[in-house]
Amino acid sequence: MRSAKDFFRPLAVGAPAPVREVPFRPSRMIHFFDPGNEKMAAKVPTIAPQVDVLLGNLEDAIQADRKEAARAGLVDIARSTEFGDTQLWTRINSLDSPWALDDLLTLVTEIGDKLDVIMVPKVEGAEDIHYVDRLLAQLEAKAGVRRPILVHAILETATGVANVEEIAGASPRMQGISLGPADLAASRRMKTTRVGGGHPGYLVREDPGADADAPRATYQQDLWHYTIARMVDACAAHGILPYYGPFGDIRDTLACEDQFRNAFLLGCVGAWSLHPVQIAIAKKVFSPAPADVAWARKVIDAMGDGTGAVMIDGKMQDDATYKQCLVVAELADTLAARDPELAEAYAAAEKE
Ligand code: GLV
Ligand code: MG
């Protein structure tokens, strides 16, 4: 076992020192694109300012014979684009694939200073993170990268879910975890054929009334509630960030919004956007509503040092609601600092 004292020492001589706190940068939407697709690559300069995170995808959805083109495309795009304060992430191929090693070797040595986070798919346990952690340190040292590249795991195997707490705490590089509902469904042998969202067959039915033949209401249940809640707890316990992953039915913007909102309310800070139409959905859902922010500030002001109890509009407030309000207000401040439109909406709501 490594001593706790060594946890924050670089894993290679000359590698940058690990971070002690995960920097909280807005990441309401992690926008996926295929860096080997020239049409998509050409849109990067226009999309970059509209999103919090732009992610060059090298894994699933990129055909096997396009893997190298995608990797090379990402290097070109990273070198030729000014990202401003938009983060650049990548999703490498899974660690059991023939491409993962070259993904890491190429990306860290060629564009390591431009990459904020590397998303690692199909993480099953702490050993996967340890492998990436040491390799990244060696490559950072070799390439002279000045700040540590952070690691984000996708929770998309049954084993990964069983080990989610140890994954979340496996390295100071751990930035966050995303739910990967499509692969997770396959790994669990769920009987769905979709990417995220609910299923009409997963429901509860109202009890029968006096007339046993009368229609009985049904309520669709959330297939992902358990996993998201577990992921949120693991992330919060280790000071890292949880995310909903992909929602595959691009045309069903309403269900996408609902699914993202459930994740937001449960503690997630963002979701993936697979199509430009999902950027606005994520932005709306993962930014606290102006009325909620105004309320949170009212409670914070009324609570003074945050102890005791006060009544506001008939609702009891105490130390615990004060802390909830701080979560909302602090998130709003961080997002508003990057998003002038949001800052205006928050200021207007406070005046009401
Ligand atoms: C994402 O990668 C998923 O499998 O849902
Ligand atoms: Mg997947």
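Each value, and the rule that gives it
- Residues numbered from 1 in each chain as written.
- Chains lettered and ligands numbered in written order.
- Predicted model: local features only at pLDDT ≥ 70, side-chain atom pairs only at ≥ 80, totals over all residues.
- Heavy atoms only, no water.
- Donors = N, O, S within 2.8 Å, 3.2 Å for Na, K, Ca; no water.
- Helix = DSSP H or I, 4+ residues; strand = E, 2+ residues; numbered from the N terminus.
- Patch = residues over 30% accessible without salt bridge, like charges linked within 9 Å, V, L, I, M, F, W, Y side chains within 5 Å.
- Areas by Shrake-Rupley, 256 points an atom, 1.4 Å probe, with all protein chains shown as cover.
- Salt bridge = Lys/Arg side-chain N within 4 Å of Asp/Glu carboxyl O.
- Pairing = 2+ DSSP bridges.
- Axes fitted to C-alpha atoms, helices over the stretch in contact; angles between N-to-C directions.
- Contact = heavy atoms within 4.5 Å.
- Near = heavy atom within 4 Å.
- Polar contact = N/O pair within 3.5 Å; in protein donor to acceptor, adjacent residues only side chain to side chain.
- Domains from an automatic or database assignment.
- Buried area = accessible area lost by both parts, 1.4 Å probe.

Peer 1: Pulling in residues and values, what's your account of the coordination of the magnesium ion (ligand 2)?
Peer 2: In this structure, Glu156 (OE) and Asp183 (OD) serve as the protein donors to the magnesium ion (ligand 2), at separations of 2.0 to 2.2 Å. Of this pair, Glu156 sits in the loop between strand 5 (150–155) and helix 5 (158–162) while Asp183 sits in helix 7 (residues 181–188), and the two are 27 residues apart along the sequence.

Peer 1: Provide a residue-level description of a nonpolar patch on the surface, including the pertinent values.
Peer 2: A contiguous nonpolar surface patch, about 260 Å² in accessible area, is contributed by Leu101, Leu105 and Tyr131. Mapped onto the elements of the fold, Leu105 is located in helix 3 (residues 100–111).

Peer 1: Quick one: what's the story with the sheet that holds strand 10 (residues 271–273), residue by residue and with numbers?
Peer 2: Taken together, the eight strands give an open sheet; going across it, the order is 9-6-5-4-3-2-1-10, and neighbouring strands pair in parallel fashion. Where the open sheet ends on each side, the last strands, each with one partner, are strand 9 (241–243) and strand 10. Put simply, the sheet's adjacent strands are angled 25 degrees from each other on average, direction ignored. Taken together, the four bridges between strand 4 (residues 117–120) and strand 5 define a ladder with parallel strand orientation. The residue of strand 5 that forms the bridge with Val117 is Leu150. Packed on one face of the sheet, helix 10 (residues 277–285) meets strand 1 (29–33) and strand 10 and runs near 165 degrees to strand 1.

Peer 1: Lay out the site of ligand 1 with the relevant residues and their values.
Peer 2: As a structural note, the neighbourhood of ligand 1 is formed by Arg91, Glu156, Gly180, Pro181, Ala182, Asp183, Pro246 and Trp272. One of the side-chain N or O atoms of Glu156 is found 2.9 Å from an oxygen atom in ligand 1. Contact distances for ligand 1 include 2.8 Å between an oxygen atom and a backbone N or O atom of Ala182. Computed on the free molecule, ligand 1 has an accessible area of 190 Å², of which 94% lies beneath the protein chains in the complex.

Peer 1: Outline the domain arrangement of the protein chain, listing residues and values.
Peer 2: The domain architecture assigned to the protein chain consists of domain 1 (4–286) and domain 2 (291–351). A C-alpha centroid distance of 29 Å is found between domain 1 and domain 2. The interface of domain 1 with domain 2 comprises ten residues on the first partner and six residues on the second. Buried area between domain 1 and domain 2, both sides added, is near 710 Å², and the carbon and sulfur share of it is 57%. Taken as a group, Phe24, Pro26 and Arg28 account for 58% of the area that domain 1 buries against domain 2, more than any other trio of residues on that side.

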